[in-house]
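Residues per chain are reported as follows:
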Amino acid sequence: PIPPRGQNREEAHSLVRAAMAAKAYAERLSLAGEHGMVMVLDHIAAEGFAFAAAMVIEQMRRASPNACAWIVCGDSRMKEKVHADLAVWGCPALFFPKLSGAADALADPDTQAERLSALSRMREAEGPRALVLAAGSLDEPAPAAGELERNRLRIETGHRFNADDWFAKLEA
């Protein structure tokens, strides 16, 4: 069932679900969501990559709601296109920015914050469980999952804390 033109994103996502129901895709997608499963989509044209990734992510959600998908793209341009296109198909995903290419350059604090935010949000129970990144980012340094949790400091409205203790924790 194809929704009429001009409908909202949920109905665009129904195209993803309809394609998933086709026998040719259903057999391949049945493997998605298994722990540690790696699916390579290198045989798909660049224009259809986000749609195929949306099918895999949706199948993973069905099989295991806590599963995480890492969508690894060949380069930054492809990463940006796939991330934008996943939203069109009703499949929210997190964007993992690439660090500066210069080896001796200081990391941009905004880029570092975006990277930490994306990794932290991947560990949360709610929200997107897919991360879109460029292949080169796999070689870049990133904190371990446990390190993110140990260094998390939650600040809430009305909460009082000692600034000296907070700075000491940040320096440690």
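On a predicted model such as this, the values are computed, not experimentally measured, just so you know.

(A) Up close: empty space enclosed by the protein. Evaluation of the coordinates by the stated rule reveals 1 cavity of 30 Å³ or more. As a volume, the largest cavity reaches approximately 50 Å³. Residue contributions to the lining of the largest cavity peak at 3 residues, all from helix α3 (residues 49–63). Across the lining of the largest cavity, the residue classes tally to 6 nonpolar, 1 polar and 2 charged.

(B) Region of interest: the pattern of salt bridges. Under the criterion given, the structure shown has 5 salt bridges. Between Arg-115 and Glu-140 there is a salt bridge, with its nearest N and O atoms 2.7 Å apart. A residue pair is termed long-range when its members are at least 10 positions apart, and Arg-115 in helix α5 (residues 109–123) and Glu-140 in the loop between β3 (130–134) and α6 (145–150) qualify at 25 residues. Here Glu-140 falls in the buried class, since its relative accessible area comes to 15%. Via salt bridges that share partners, Glu-58, Arg-61 and Arg-62 belong to a single interconnected network.

Thresholds, definitions, all that
Residues numbered from 1 in each chain as written. Predicted model: local features only at pLDDT ≥ 70, side-chain atom pairs only at ≥ 80, totals over all residues. Heavy atoms only, no water. 1 Å grid on protein atoms, 1.4 Å probe; cavity = no way out; pocket = protein on both sides within 12 Å on 5 of 7 lines; lining within 4 Å. Points joined across faces, edges and corners; volume = space filled by probe spheres on them. Helix = DSSP H or I, 4+ residues; strand = E, 2+ residues; numbered from the N terminus. Nonpolar A, V, L, I, M, F, W, Y, C, P; charged D, E, K, R; others polar. Salt bridge = Lys/Arg side-chain N within 4 Å of Asp/Glu carboxyl O. Buried < 20%, exposed > 50% of the residue type's maximum accessible area, 1.4 Å probe, protein only.

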